[in-house]
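# Chains, contacts and geometry: an overview
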Amino acid sequence: MARFLIAGGAGFIGSHLCERFLGEGHEVVCVDNLITGSLENISDIKSPKFTYIERDITKGLMDIKGPFSYVMNFASPASPPDYLKYPVETLLTGSLGTHACLDVALRDKAVFMIASTSEIYGDPEINPQKETYWGNVNSIGPRSCYDEAKRYAEAATMAYHRKHGVDIRLLRIFNTFGPNMRVEDGRAVTNFVCQAVRGDDLTVYGDGSQTRSFCYVTDMVEGIVKLLYSNVTEPVNIGNPAEMTILELANVVLERTGSSSKITFHDLPQDDPKKRRPDISRAKEKLGWEPKVNLKEGLRKTIDYYLTKLEV
Ligand code: NAD
Ligand code: UDP
């Protein structure tokens, strides 16, 4: 049995990870300040091997008793409306919060994983994005609080690896969706599904020609687990390479929900990346991982989840 420290464990992806590692028989300590997460995401967990600590990770974690075998930093606002609302908190969480997690990993000789993001590639000039691409980020734009926090978190992770020999995993997550995303989370899949089931207009930003590649959460968790248990210390993209336009996504959601909602067009947020698609050859080669759940299948499960949440 191993002990896991999961920062951000009451969030969307973090809550799935808590369940996954408890399911493997391990002990999980989940630390979260609930800034964008919810206790509802972990309320079904009854295991005596689970501990929840309400804490802002920027305040430090060294008083939490170790040793841990794995320290995973998934704490950070992640939805654009969330990090635009909490820009300073996002920067501090990516920087001070990541240091706090790294210090525990250093103390315990634990494997440290940072949840980085496709956003470190910014508005990419190449498509698909390989891990070797350095990115195109506007350091003073509205999204910079998130992008630069994650770039800093990667840099801090590399510094602890080089200076102290911490065993690291650099996970670059591409757009992921599924149950446990807040109804008011504000990301495209949640907005479109909730709007469609409520009969509201689907709000497409810009003309909807910008692309994303959506990964269902069970595939993401599988990729995360494979990376964590590997010995790969270089960055690895985990995401589904099936790229589509946002207008296509809106239409698939309408079709899957059978909704008669309309699509309306709104201003495109500043610096919204025009294209995004992961090159997953490294994950395939080094982890033997690739996604299995297609968009329609993932949407079916997600729609069922929101039907219960919204009680419609
Ligand atoms: P989320 O907002 O649902 O979860 C983040 C969790 O972190 C929340 O529970 C929040 O309360 C917690 N948190 C934030 N700041 C904290 C702090 N200072 N101290 C303690 N807890 C704090 O987001 P998510 O989609 O589950 O994302 C999880 C991680 O994965 C984030 O680091 C995010 O940047 C990364 N990521 C997610 C995606 C995606 O598509 N979901 C894509 C790329 C990267
Ligand atoms: N988007 C949209 N309508 C919405 C929410 C998002 O058109 O209600 C667009 C957004 O502008 C972006 C894409 O959908 O181009 C994906 O947005 P999301 O917030 O899900 O993630 P991002 O990849 O921008 O972090």
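Residues numbered from 1 in each chain as written. Chains lettered and ligands numbered in written order. Predicted model: local features only at pLDDT ≥ 70, side-chain atom pairs only at ≥ 80, totals over all residues. Heavy atoms only, no water.

Moving on, we come to the pattern of salt bridges. Taken as a whole, this structure holds 24 salt bridges when the rule is applied. One salt bridge connects Glu222 with Arg20, and the closest N-O pair in it is separated by 2.9 Å. Here the residue Glu222 occupies a position in helix α6 (residues 217-228), and Arg20 occupies one in helix α1 (residues 12-23), the gap between them amounting to 202 residues. What makes Arg20 partly exposed here is its relative accessible area of 24%. A salt bridge links Arg182 to Asp82, with the nearest nitrogen and oxygen atoms 3.0 Å apart. A residue pair is termed long-range when its members are at least 10 positions apart, and Arg182 in the loop between β7 (176-177) and α5 (188-198) and Asp82 in helix α2 (residues 80-85) qualify at 100 residues. The exposure classification of Arg182 matches that of Asp82, with both residues buried. The network of salt bridges with shared partners includes Glu119, Arg143, Arg212, Asp272 and Arg276. (Salt bridge = Lys/Arg side-chain N within 4 Å of Asp/Glu carboxyl O. Helix = DSSP H or I, 4+ residues; strand = E, 2+ residues; numbered from the N terminus. Buried < 20%, exposed > 50% of the residue type's maximum accessible area, 1.4 Å probe, protein only.)

On to the site of ligand 2. Around ligand 2, the surrounding shell holds 18 residues, and the nearest of these are Thr203, Tyr205, Arg212, Asp272 and Arg276. Note that an oxygen atom of ligand 2 is positioned 2.9 Å from one of the side-chain N or O atoms of Asn175. The separation between a nitrogen atom of ligand 2 and a polar main-chain atom of Thr203 is 2.6 Å. Contact with the protein chains removes 95% of the 520 Å² of surface that ligand 2 exposes when unbound. (Near = heavy atom within 4 Å. Polar contact = N/O pair within 3.5 Å; in protein donor to acceptor, adjacent residues only side chain to side chain. Areas by Shrake-Rupley, 256 points an atom, 1.4 Å probe, with all protein chains shown as cover.)

In this section: the sheet that holds strand β11 (residues 236-238). Taken in spatial order, the 7 strands line up as β3-β2-β1-β4-β5-β6-β11 in an open sheet, and their pairing is parallel. The open sheet terminates on both sides in strands that have one partner only, identified here as β3 (50-54) and β11. Each strand axis lies, on average, 20° off the axis of its neighbour in the sheet, ignoring direction. For strand β2 (residues 27-32) and β3, the ladder comprises 5 bridges, and the chain directions are parallel. Paired with Val29 across the strands is Thr51, a residue of β3. Of the strands in this sheet, β1 (3-7), β2, β3, β4 (70-73) and β6 (167-173) are in contact with α1, which crosses β1 at around 170°. (Pairing = 2+ DSSP bridges. Axes fitted to C-alpha atoms, helices over the stretch in contact; angles between N-to-C directions. Contact = heavy atoms within 4.5 Å.)

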